[in-house]
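# Notes for the structure review
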Number of protein chains: 2
Amino acid sequence: MFPVSQAAYDDAIKKQDIIQITTATIRQIVALSNHLEDVVGEKFVHLEMGNPGLPPCKVGAQAEATALAKGIASIYPNTAGIPELKQNGSEFLRAFLDIEVPPRCIIPTVGSMQATFTTQLLLGQRQPGRNTFLLLTPGFPAQQHQAKILGYKTVSLDIYDCRGEALEARLEKILSKGDVTAILYNNPNNPAWTNLTDTEYRIMARLAEKYDVIIMEDLAYMGMDFRQNYGVPYEAPFIPTIAKYTDRYILFVSASKIFSYAGQRIAMVCMSPTVADRRYDFFENFYEMPRLIDAYVFGVLYCASSGVAHSPQYAFAEMMRASYEGRVNFVADCSEYGRRAAIAKKMFLDNGFHIVYAFDGDQPISDGFFFTVGYGNMGSADLQNTLMRYGISTISLNSTGSVQRGLRVCVSLLSDEETFNNLEKRLVAFHKDYPL
Amino acid sequence: MFPVSQAAYDDAIKKQDIIQITTATIRQIVALSNHLEDVVGEKFVHLEMGNPGLPPCKVGAQAEATALAKGIASIYPNTAGIPELKQNGSEFLRAFLDIEVPPRCIIPTVGSMQATFTTQLLLGQRQPGRNTFLLLTPGFPAQQHQAKILGYKTVSLDIYDCRGEALEARLEKILSKGDVTAILYNNPNNPAWTNLTDTEYRIMARLAEKYDVIIMEDLAYMGMDFRQNYGVPYEAPFIPTIAKYTDRYILFVSASKIFSYAGQRIAMVCMSPTVADRRYDFFENFYEMPRLIDAYVFGVLYCASSGVAHSPQYAFAEMMRASYEGRVNFVADCSEYGRRAAIAKKMFLDNGFHIVYAFDGDQPISDGFFFTVGYGNMGSADLQNTLMRYGISTISLNSTGSVQRGLRVCVSLLSDEETFNNLEKRLVAFHKDYPL
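### Some thoughts on the overall build of chain A
- The helix and strand inventory of chain A stands at 16 helices and 15 strands.
- A globule of 436 residues ought to have a C-alpha radius of gyration of about 22 Å, and chain A, at 22 Å, matches this closely.
- Judged by the C-alpha coordinates and their principal axes, chain A covers about 65 × 55 × 45 Å.
- Looking at chain A as a whole, 56% of its 436 residues qualify as buried.
- For chain A, contacts bridging at least 24 residues in sequence account for 75% of all contacts bridging at least 6.

Okay, here's the thing in structure tokens:
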């Protein structure tokens, strides 16, 4: 029976070795909710996990089976990627982002996780004194951990109160110190589901050029701003990207969410030729290869895993081809997340919650994979703990680098009526017990 | 026509940006030989590359296709590995190494390359002041690069003149300084194809315990000491391992060579429970997880790639099961390399070459994937350059950390009569032109 008693809850927290709920890892939160499910004998509503909640794109699995049947398992993959992935990746970017990235500048990685880990490793080395990463927050917590593990520094910029023109002064203040090597963000934003505006892109591009900074754009959820239809290849509107504003970019495109293919760990790093071909003294001395792309592929990626498993590369290549040939509409396939978000958002709003990150410019944010909620002035820890007692599992905004009060809600596992009904019932009960 | 003229050769070297042949990467040597093939219009004998030269184990590809058909592509893999891989890995070690490693201590990685990269990252952190890796050389050059990229120090110990009891004093001298966190080696040795003796294992185990050092044993070529038949599960002789001598070990078992499965990038890290469960202050503070295995899986591996692609994990699990159930004999399958080595070695010896690393104790080394050759007092650079001009591509012992004069020969691509005939013809011509 929900709510779980405070005593039983405190006991569960203790058993999971959780010291502070707002900084606990997602894995710890999952373990806590699983434990409480056993205690209560009822299922939780899991809004904490970001597993794709849709079946995998079939084209991918078929391409893998075909490649395996041809015997590709015995030969080391080229660290720079198979030609099919490089070519189809280039075409995919042309079709949906309307940008030109040559195949040689497209490199597969073991998910975007390996991509941001290894590119951070490299970008932290490129110039003496530049080993700080500027993270636009809220963001994906793992990317901050990656910088930390690599021995690099991070600074965060919470976009909550500096959208639009206000971004310029805040960015300028940080970048003018000269120690930032790169700016890293996700767009659409994980977890706020905001999308950068034209004004914001222009400011970032201008300042990146002014201060010799590289922009790392994580497009894990590309196309999932459902206010527009980005799903038609070679036709406007195209998916917005920093690559339209400057050539100082590295893009990360993952198959995990857009093709529901997280299990096979496949993504691609896409560099502008300007970034790829720039020569650095450090790379020449350290890797004996002055060009950034060579140092990355043959210096870093080779050492990190000797490239990426062959068959997932074929899967990704074929899924992208099917997309630009119009046989797969990944945007339409993912629009299910928008539908789920619209329903869930209404349930939260009807029960006294508000959206924390609510606007892009003057436009309300899109419905999508995530959104953020607050409840009156309730602190993040209080809100997260209390909702847990009511059978709703979330993560705190603090853990995503945000300094706002509130929680991240992920709709990927809201897959059936019963789960929605449970969510509504429990939100109603919570709202009744904790009136604003 | 071979030999290539000195002028044409010098021109090719220049075109490939090779400054020093003995420290060029394998990729550069491949590019050089490919270029020379175009110049001469004849194929090289490629002894430089370590690609598996056999077809992949069929059980693996079938298991992947089955898993993909079940839809595993959409779900993030558990970072600690799928249960099948952990259980079958444990049983595989029991059957062929006669050791007990619990499933929880077995963790999949994106090839052994990711395994040694990520475990080095971790072991360099475990205790203040201990961030040096002792590499037994000759060895796999990438492992030294990994330490360097991670900002760690390495010391090398060339085993050439300290086999048997002589190892103790040399090891003691290095370890007594107290800055070594781990000893890393491959067995059978890449590239010398030596195998550690019982005496040497005892010395290493004793000193590892005395100086609180962890032993990292890379078993990439396990079972391929063909002087013994290690291919019968649950029956002696068992594949030798440091795990029989001490519990301070981390083993690396890769599917790349034993199952000719390099293309799918799958291996496993196997820790003793003693290593896995040890608590460290640094890990508690840095990862908020004191136990080494937790810091490794949820701290390092999660950040490196969010685990390993699902389908290759199923492949590896099923190939190991087929082996301990006696349906696949990986040792017999790989014995083809021994056959090729025996023929190639005779050709080198008949033409004035000698084996550089020739003995394990009083036993001549096994035939296998690699061997090492020298030619009179000819220096490594001279010998490598000259053989290149005769259409034989190799890498220098220097690049493997050895301080001996000579070359590494890999037999994996010696797959047909014509290639063997070319090798013999060219060695005869070289020997005639450069008499000892």
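Once you've had a look at it, read on.
### Notes on the domain arrangement of chain A
Residues and elements named next belong to chain A.
- Domains assigned within chain A are domain 1 (6-54 + 333-433) and domain 2 (58-159 + 172-192 + 210-324).
- Taking only C-alpha atoms into account, the centre of domain 1 sits 29 Å from that of domain 2.
- Listed by partner, the interface residues are 21 residues for domain 1 and 23 residues for domain 2.
- Sorting elements by how many residues they give to the side of domain 1 that touches domain 2 places helix H14 (residues 330-350) first, with 4 residues.
- For the side of domain 1 that touches domain 2, the class distribution of residues is 9 nonpolar, 10 polar and 2 charged.

### Re the relation of the copies chain A and chain B
- For the pair chain A and chain B, the best superposition has an RMSD of 0.0 Å and corresponds to a rotation of 180° with a translation of 0.0 Å parallel to the axis. The superposition operator between the copies reduces to a two-fold rotation axis. The C-alpha atom lying nearest the rotation axis in chain A is that of A:Ala65; the distance is 2.7 Å.
- When you check the interface residues of chain A against chain B, 100% turn up at the interface there too, and the contact is symmetric in its surfaces.

### Considering the sheet that holds strand E7 (residues 249-254) of chain A
Residue and element names in this part refer to chain A.
- Across the sheet, 7 strands lie side by side as E2-E8-E7-E6-E5-E3-E4; this open sheet has mixed pairing. Taken across any chain shown, the strands that pair with only one partner, and hence form the sheet edges, are strand E2 (106-109) and strand E4 (153-158). Between one strand axis and the next, the sheet turns by 20° as a mean value, whatever way the strands run.
- Where strand E5 (residues 180-186) and strand E6 (residues 214-218) come together, 5 bridges link them in parallel fashion.

### Re the packing of helix H12 (residues 292-305) of chain A against helix H6 (residues 141-149) of chain B
- Where H12(A) meets H6(B), the closest approach of the two axes is 10 Å, and the angle between their N-to-C directions is 110°. Relative to H6(B), the element H12(A) lies roughly perpendicular. Between H12(A) and H6(B) the crossing geometry is left-handed. Along the contact surface, H12(A) presents A:Val300, A:Tyr302 and A:Cys303, while H6(B) presents B:Ala142, B:His145, B:Gln146 and B:Ile149.

### Concerning the confidence of the model for chain A
- Chain-level statistics for chain A give a pLDDT mean of 96 and a share of 100% at 70 or above.
- At the level of chain-chain contacts, confidence expressed as ipTM amounts to 0.95, with global pTM at 0.96.

### A word on the nonpolar core
- In this structure, A:Ile183 and B:Ile183 are the most contacted members of the largest nonpolar core, which totals 292 residues.
- Setting aside its immediate chain neighbours within four residues, A:Ile183 contacts A:Leu134, A:Leu136, A:Met204, A:Ala208, A:Val213, A:Ile215 and A:Met216.

### As for the sheet that holds strand E9 (residues 354-355) of chain B
All names here are of chain B.
- Reading across from one edge, E9-E12-E15-E14 is the order of the 4 strands in this open sheet, with antiparallel pairing throughout. Looking at strand neighbours, the two that pair on one side only are E9 and strand E14 (395-396), the edges of this open sheet.
- Where E14 and strand E15 (residues 407-410) come together, 2 bridges link them in antiparallel fashion. Looking at E15, one finds that Ile395 is bridged to Arg408.

### Points about the pairing of E2(A)
Residues and elements named next belong to chain A.
- Residue alternation in E2 divides its side chains into two sets, Ile106 and Pro108 and Ile107 and Thr109, and both sets are buried.
- Taken together, the 4 bridges between E2 and strand E8 (residues 267-271) define a ladder with antiparallel strand orientation. Along E8, the bridge assignment pairs Ile107 with Val269.

### Digging into the interface of chain A and chain B
- Each partner contributes residues to the interface: chain A has 49 residues there, and chain B has 49 residues.
- Within the residue set of the side of chain A that touches chain B, elements represented by two or more residues are helix H3 (58-69), helix H5 (111-123), helix H6 (141-149), H12 and helix H13 (310-324) of chain A.

### As for the environment of A:Phe286
- In this fold, A:Phe286 is placed in helix H11 (residues 281-287).
- The exposure class assigned to A:Phe286 is partly exposed, which follows from the 15 C-beta atoms found within 10 Å.

### A closer look at the environment of A:Arg202
All names here are of chain A.
- In this fold, Arg202 is placed in helix H8 (residues 198-210).
- Arg202 sits in the partly exposed class, given 18 other C-beta atoms within 10 Å.
- Distance from Arg202 to Met268, taken between C-alpha atoms, is 25 Å for residues 66 residues apart in sequence.

### Examining helix H14 (residues 330-350) of chain B
Residues and elements named next belong to chain B.
- For H14, with 21 residues, the first-to-last C-alpha span of 31 Å sits near the 30 Å given by 1.5 Å per residue.
- Along its length, H14 shows its largest kink, about 25°, at Glu336.
- If you check which residues of H14 are buried, you get Phe330, Val331, Cys334, Tyr337, Arg340, Ala341, Ala344 and Phe348.
- Looking at the buried positions of H14, the neighbouring elements they touch are helix H9 (255-258), helix H13 (310-324), strand E12 (370-374), E15 and helix H16 (417-433).

Scoring rules and cut-offs
- Residues numbered from 1 in each chain as written.
- Chains lettered and ligands numbered in written order.
- Predicted model: local features only at pLDDT ≥ 70, side-chain atom pairs only at ≥ 80, totals over all residues.
- Helix = DSSP H or I, 4+ residues; strand = E, 2+ residues; numbered from the N terminus.
- Rg over C-alpha atoms; globule rule 2.2 N^0.38 Å.
- Buried ≥ 20, exposed ≤ 12 C-beta atoms within 10 Å, placed from the backbone.
- Contact = placed C-beta atoms within 7 Å.
- Domains from an automatic or database assignment.
- Nonpolar A, V, L, I, M, F, W, Y, C, P; charged D, E, K, R; others polar.
- Least-squares fit on C-alpha atoms with pLDDT ≥ 70 in both.
- Pairing = 2+ DSSP bridges.
- Axes fitted to C-alpha atoms, helices over the stretch in contact; angles between N-to-C directions.
- Parallel < 35°, antiparallel > 145°, perpendicular 65-115°, else oblique.
- Left-handed = near helix turned anticlockwise from the far one by under 90°.
- pLDDT = per-residue confidence, 0-100.
- Core = buried A, V, L, I, M, F, W, Y, C linked by C-beta atoms within 7 Å.
- Expected span 1.5 Å × (residues − 1).
- Bend = angle between axes of the 7 residues up to and from the residue.

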